[in-house]
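So the chains spell out like this:
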Amino acid sequence: MKYIPSPWAIIIFLAFVIAVFVISYYFAKRTRSSEGYFVAGGNIHWSVNGIAFAGDYLSAASFLGICGLIAVAGYDGFLYSIGYLAGWMVALFVVAEPLKRMGKFTFADALDSKFNSKGIRLIAAISTLIVSMFYLIPQMVGAGSLVTPLLGLPHWAGVLMVGTI
């Protein structure tokens, strides 16, 4: 299928990319420490932080995936969504709260402070990269599928462009 790119679509896409770069650059200049990077220097109200945590955990992809699972699997899919909610509570109370009390920002930092092992940091880094790859690959394929009709580029070029950006 041949797509004809819209000039407005290209302008809006480029404006969005430039806006994200400008915002990222602005806030990166204001960050002076790991506390400033991870928790905005402690200047965010707990309710806003809770909404950000919920938005991170309950992303649109997760929501749509659970809706699709319920549509396909019925009641079993609904039970899966209950487990997903329970997992969020575990992440919130069993992981996030103890990390906050320890004054650490990542799970790897907490394990390192407890066991003082370089191996733990290495394994945490490797597992983070592996998990990130499994999240990144479908998102780049989806972005390539979106860029194809939007900008009129082939799928591979859309994936390459989004990955580069």
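Summary of the structure given here. (Residues numbered from 1 in each chain as written. Predicted model: local features only at pLDDT ≥ 70, side-chain atom pairs only at ≥ 80, totals over all residues. Heavy atoms only, no water.)

A count of helical and extended segments in the protein gives eight helices and zero strands. N-terminal to C-terminal, the α/β element order of the protein is α-α-α-α-α-α-α-α. Relative to the 2.2 N^0.38 estimate, which gives 15 Å for 165 residues, the radius of gyration of the protein is 20 Å and therefore markedly larger than a compact globule would have. Dimensions of the protein, computed from the C-alpha atoms along their principal axes, are close to 55 × 50 × 35 Å. Across the protein, every contact between residues at least 6 apart in sequence was considered, and the portion connecting residues at least 24 apart equals 42%. Of the side-chain charges in the protein, 10 are positive and 6 negative, and the distance between the mean point of each set is 11 Å. (Helix = DSSP H or I, 4+ residues; strand = E, 2+ residues; numbered from the N terminus. Rg over C-alpha atoms; globule rule 2.2 N^0.38 Å. Contact = heavy atoms within 4.5 Å. Lys, Arg positive; Asp, Glu negative; His and termini not counted. Charge placed at Lys NZ, Arg CZ, Asp CG, Glu CD.)

Let us look at unusual backbone geometry. For N116, which is not glycine, the phi dihedral falls at a positive 50°. Mapped onto the fold, N116 is located in the loop between α6 (107-115) and α7 (118-151). In this structure N116 comes out as exposed when scored by relative accessible area, which is 68%. (Buried < 20%, exposed > 50% of the residue type's maximum accessible area, 1.4 Å probe, protein only.)

The subject of this paragraph is the environment of F53. Within the element layout of this structure, F53 appears in helix α3 (residues 46-57). In this structure, the C-alpha to C-alpha distance between F53 and A96, residues 43 residues apart in sequence, is 9.9 Å. Apart from residues no more than four positions distant in its own chain, F53 is found in contact with W88, A91 and L92.

Listed as buried for α6 are A108, D109, A110 and D112. Its buried side turned inward, α6 meets α5 (75-102) and α7. N116 sits one or two positions beyond α6 and adopts a positive phi of about 50°.

Glancing now at the packing of aromatic side chains. This model, assessed by the stated rule, comprises one aromatic pair. Both rings, one in Y26 and one in F27, keep their centres 4.9 Å apart while their planes meet at 75°; by these two values the pair is edge-to-face. Judged by its relative accessible area of 47%, Y26 falls in the partly exposed class. (Phe/Tyr/Trp six-rings, centres within 6.5 Å; stacked < 30°, edge-to-face > 60°.)

With that out of the way, let us pick up the pattern of salt bridges. Summed over all chains, the structure comprises three salt bridges. Here R121 makes a salt bridge to D112, at a shortest N to O gap of 3.3 Å. The exposure class assigned to R121 is partly exposed, which follows from its relative accessible area of 37%. When its relative accessible area of 19% is taken as the criterion, D112 is described as buried. Counted as one network, the salt bridges with shared partners bring together D109, D112 and R121. (Salt bridge = Lys/Arg side-chain N within 4 Å of Asp/Glu carboxyl O.)

The contact between α7 and helix α8 (residues 155-164) brings their axes to 7 Å, and the two run at 115°. Two packed elements cross with a definite hand, and for α7 against α8 that hand is right-handed. Residue-level inspection shows M140, V141, A143, G144, S145, V147, T148 and L151 of α7 in contact with α8, the latter providing H155, G158, V159, M161, V162 and G163. Residue composition of the contact of α7 with α8, by class: eight nonpolar, six polar and no charged. (Axes fitted to C-alpha atoms, helices over the stretch in contact; angles between N-to-C directions. Left-handed = near helix turned anticlockwise from the far one by under 90°. Nonpolar A, V, L, I, M, F, W, Y, C, P; charged D, E, K, R; others polar.)

Let us look at α7. With 34 residues, α7 extends 46 Å from end C-alpha to end C-alpha; this agrees with the ideal 50 Å at 1.5 Å per step. Of all the positions in α7, only A124, M140, A143, G144, V147, T148 and L151 are classed as buried. Contacts made by the buried residues of α7 are with α1 (7-30), α6 and α8. The opening residue of α7 is S117, an N-cap whose side-chain oxygen sits 3.2 Å from the backbone nitrogen of G119. (Expected span 1.5 Å × (residues − 1). Polar contact = N/O pair within 3.5 Å; in protein donor to acceptor, adjacent residues only side chain to side chain.)

Taken by themselves, the reported measurements are silent on function.
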